[in-house]
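Summary of structural features
Chain by chain, the residues run as shown.
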Amino acid sequence: MRPRFSIVIAVYNRAPLLRRALASLIAQTEPDWEAWVVDDGSTDGTVATIHDQLHRAPAIRCIRRTHGGEARAKNEGIALCRGEFITFLDSDDEYEPDHLQSRRRILEQDPGIEFLHGGVRIVGDPCVPDRNDTSRQIHLSECVIGGTFFIRRDAMHALGGFREIAFACDAELFDRAVAAGLSIVRTTHESYVYHREHADSITHDFR
């Protein structure tokens, strides 16, 4: 029986922060999920660092690949997902304990939803470069946050996953979902914790 949710966690040299992300996943009140950690050629001992967590939570599996970037790593994880909905957890972010359960409640109340997003609490700098003009900064409230995406699996495959572009591949995927006419809903329940207090937590860095 396939799980309700599949979580893709792409990581590149974020071993200590990844432990926090996985701890928040293991602590979820919603039990019906699987997760794929895609180690994108890390050189900081990522797999060894999370070995005990993988042992405690067999629903979390890890694959290693040569370094190819964020979009490619996420797409490799997507290809392995069996869940009804595919979602994401950036390796330096975390979930509140009710994150998956709250999204399940929304999706069950409206079975027609194909793409659910939103509901983020920002820790640190709330401004990022505008993808249409990187010389100016905009507030994250004006953006879509890829870690919050819950996309029906068949819809994700129809969209073709993420495109390998230099910047804002999440927003580009969202634009294609809108153009494809998907049923998209935004939630304001803040259960995704987006960390931007670290020196390298800028949007064009691979998380």
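Report follows, based on the coordinates. Here the residue index of a chain counts from 1 through its sequence in written order. Thresholds applied to this predicted model are a pLDDT of at least 70 for local features of residues and 80 or more for the giving and counting of side-chain atom pairs; totals over whole chains, interfaces and linings are not thresholded and use all residues. Side-chain measures were taken over the full set of non-hydrogen atoms in the model, leaving aside hydrogen atoms and water.

The helix count covers DSSP runs of H or I at least four residues long, the strand count covers runs of E at least two residues long, and both are numbered beginning at the N terminus. On a plain count of helices and strands, the protein chain comes out with seven helices and 12 strands. In this setup the radius of gyration rests on C-alpha atoms only. A globule is expected at 2.2 Å times the number of residues raised to 0.38. Taking 207 residues into account, the globule formula puts the C-alpha radius of gyration at 17 Å, and the protein chain, at 16 Å, falls close to it. Structurally, the protein chain occupies a C-alpha span of about 45 × 40 × 30 Å along its principal axes. When accessible area is computed with a 1.4 Å probe and restricted to protein chains, residues below 20% of their type maximum are described as buried, those above 50% as exposed, and intermediate ones as partly exposed. Per-residue burial for the protein chain yields a buried fraction of 52% across its 207 residues. A contact between two residues is defined here by any heavy atoms of the two lying within 4.5 Å. Contacts spanning at least 24 positions in sequence make up 80% of the contacts within the protein chain whose residues lie at least 6 apart. Using a 1.4 Å probe, accessible areas were evaluated by the Shrake-Rupley method; residue-level cover was limited to the displayed protein chains. With an accessible surface of roughly 9,100 Å², the protein chain has 51% of that area assigned to carbon and sulfur atoms. Positive and negative side-chain charges in the protein chain, numbering 25 and 32 respectively, have mean positions lying 4 Å apart. Here Asp and Glu are counted as negative and Lys and Arg as positive; His is not counted, and neither are the chain ends. Positions of charges follow a simple convention, taking NZ of Lys, CZ of Arg, CG of Asp or CD of Glu.

Soluble, globular proteins show a tendency: their nonpolar side chains are buried together. Formed by 32 residues in total, the largest nonpolar core has its most connected members in I7, I9, L25 and I60. Looking at this core, the elements with two or more residues in it are β1 (5-11), α1 (15-26), β2 (33-40), α5 (99-109) and β12 (192-196). The contact partners of I9, leaving out residues within four places of it in the chain, are L18, L22, L25, A35, W36, V37, V38, L89 and S91. The nonpolar core is taken to be a set of buried Ala, Val, Leu, Ile, Met, Phe, Trp, Tyr and Cys residues, with the residues joined through side-chain atoms within 4.5 Å. Within the second largest apolar cluster, 19 residues are counted, among which are F88, I151, L159 and C169.

Turning our attention to α5. An α-helix turns once per 3.6 residues; consequently, residues spaced three or four apart project the same way. Among the residues of α5, those classed as buried are H99, L100, S102, R103, I106 and L107. Each buried residue of α5 sits inside an arc of 165 degrees when the element is viewed along its axis, so together they form one side. Note that the arc is defined by the directions from the helix axis to the C-beta atoms.

Pairing between strands is defined by DSSP: at least two bridges between them are needed. If you trace the seven strands from one edge of the open sheet to the other, you get β3-β2-β1-β4-β10-β6-β11, paired in mixed fashion. Because the sheet does not close on itself, it has two edges, and the strands there are β3 (60-65) and β11 (184-186). This sheet shows a mean twist of 20 degrees between the axes of neighbouring strands, independent of strand direction. As paired strands, β2 and β3 are joined by six bridges and run parallel to one another. What sits directly across from D39, in β3, is R64. In this description, a line fitted to the C-alpha atoms serves as the axis of each element, helices being fitted only across the stretch in contact, and the angle between N-to-C directions of two axes falls anywhere from 0 to 180 degrees. Lying on the sheet, α5 is in contact with β1, β2, β4 (85-88), β6 (115-117) and β10 (150-152); it crosses β1 at an angle near 135 degrees.

Here we take up the sheet that holds β12. Spatially, β5-β12-β7 is the arrangement adopted by the three strands of the open sheet, whose pairing is mixed. Two strands close off the open sheet at either side, each with one partner strand: β5 (94-95) and β7 (120-124).

To pair, rings of Phe, Tyr and Trp, with the six-membered ring standing in for Trp, must have centres within 6.5 Å; the planes then decide the type, stacked if under 30 degrees apart, edge-to-face if over 60, and tilted in the middle. Taken as a whole and assessed by the stated rule, the structure comprises six aromatic pairs. Aromatic pair F5 and F150: ring centres 5.4 Å apart, planes at 80 degrees, arrangement edge-to-face. On the criterion of sequence distance, the pair formed by F5 in strand β1 and F150 in strand β10 is long-range, its members being 145 residues apart. By relative accessible area, which is 0% here, F5 ends up buried. Grouped by ring-pair contacts, the aromatic residues F115, F149 and F174 constitute a single cluster. When the ring centre of F162 is taken as origin, the NZ or CZ atom of K74, which lies over that ring, is 5.1 Å away. Only when the NZ atom of a Lys or the CZ atom of an Arg is both within 6 Å of the ring centre and within 35 degrees of the ring normal do we say a charge sits over the ring.

Moving on: the state of the cysteines. Note that a disulfide, as used here, is simply two cysteine sulfur atoms within 2.5 Å. Following the criterion strictly, the structure yields zero disulfides and no others. Free cysteine C81: the closest other cysteine sulfur is in C62, separated by 14 Å. Note on C81: relative accessible area 2%, which makes it buried. The thiol of C169 is unpaired, and the distance to the nearest cysteine sulfur, on C143, comes to 13 Å.

Once that is clear, we can look at the pattern of salt bridges. What makes a salt bridge here is a side-chain nitrogen of Lys or Arg within 4 Å of a carboxyl oxygen of Asp or Glu, nothing more. Tallied over the entire structure, the rule returns 22 salt bridges. The salt bridge involving R14 is made with D92; its shortest N-O contact spans 2.8 Å. Residue R14 is found in the loop between β1 and α1, and its partner D92 is found in the loop between β4 and β5; the two are separated by 78 residues along the sequence. Both residues of the pair, R14 and D92, belong to the buried class. Here E172 makes a salt bridge to R176, at a shortest N to O gap of 2.9 Å. Of the two residues, E172 and R176 both sit in helix α7 (residues 169-179), four residues apart, roughly one turn of that helix. What emerges from the salt-bridge pattern is a single network uniting E30, D32, R104 and E108.

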